[in-house]
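Each chain is listed here by its residues.
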Amino acid sequence: MGIEEYGGGQHSASDVLVVTTNDAPGFHVDRVIGEVFGLTVRSRHLGSQIGAGLKSMIGGELRGLTKTLVQTRNQAMERLIEQARSRGANAVLMFRFDVTEAADVGTEVCAYGTAVVLVPQG
């Protein structure tokens, strides 16, 4: 697996800026739109669970599960960006992920933050 399969985050060509900070240097918040989130729930794959169980006995990274979690987080982030864009935002501040077990059948990943309209400081 290459490094591109382990990473995530925003594409450089996106029209919606997503940051984990309370503000963005060089910009000021013109309007706060409110909370936005992107949610996805992934079920566990039996084969990967068996492989993970075996791997946990000998130690080491669970590469299949790592790749799945990266894909899941990226999907949640894409949904967050779509929601922010549809509500008129050009940025999301205070971006975070929340990951929980969903009824013992899968993993819920929620990407959330505050949708805003940023304007360059002048």
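Note that the structure is a prediction, hence the values are computed from the model and not measured.

1. Some thoughts on the confidence of the model for the chain
Part 1: Mean pLDDT over the chain: 85, with 81% of residues reaching 70 or higher.
Part 2: For the chain, helix H1 (residues 46–58) is the element with the lowest average pLDDT, namely 56, and strand E1 (residues 17–18) is the one with the highest, namely 96.

2. Topic: the sheet that holds E1
Part 1: The mixed open sheet is built from four strands, whose spatial order is E1-E3-E4-E2. Only two strands of the sheet have a single partner each, and these edge strands are E1 and strand E2 (27–43).
Part 2: As defined by bridge partners, strand E3 (residues 91–102) adjoins strand E4 (residues 106–120) across 10 bridges and the pair is classed as antiparallel. Along E4, the bridge assignment pairs Thr100 with Glu108.

3. Things to note about the pattern of salt bridges
Should their charged atoms come close, side chains of opposite charge can pair.
Part 1: Across all of its chains, the model carries one salt bridge by this definition.
Part 2: In this structure, Asp15 and Arg85 form a salt bridge, with 2.7 Å as the shortest nitrogen-oxygen distance. Of the two residues, Asp15 is situated in the segment before E1 and Arg85 in helix H2 (residues 63–86); the sequence distance between them amounts to 70 residues.

How each quantity is defined
- Residues numbered from 1 in each chain as written.
- Predicted model: local features only at pLDDT ≥ 70, side-chain atom pairs only at ≥ 80, totals over all residues.
- Heavy atoms only, no water.
- pLDDT = per-residue confidence, 0-100.
- Helix = DSSP H or I, 4+ residues; strand = E, 2+ residues; numbered from the N terminus.
- Pairing = 2+ DSSP bridges.
- Salt bridge = Lys/Arg side-chain N within 4 Å of Asp/Glu carboxyl O.

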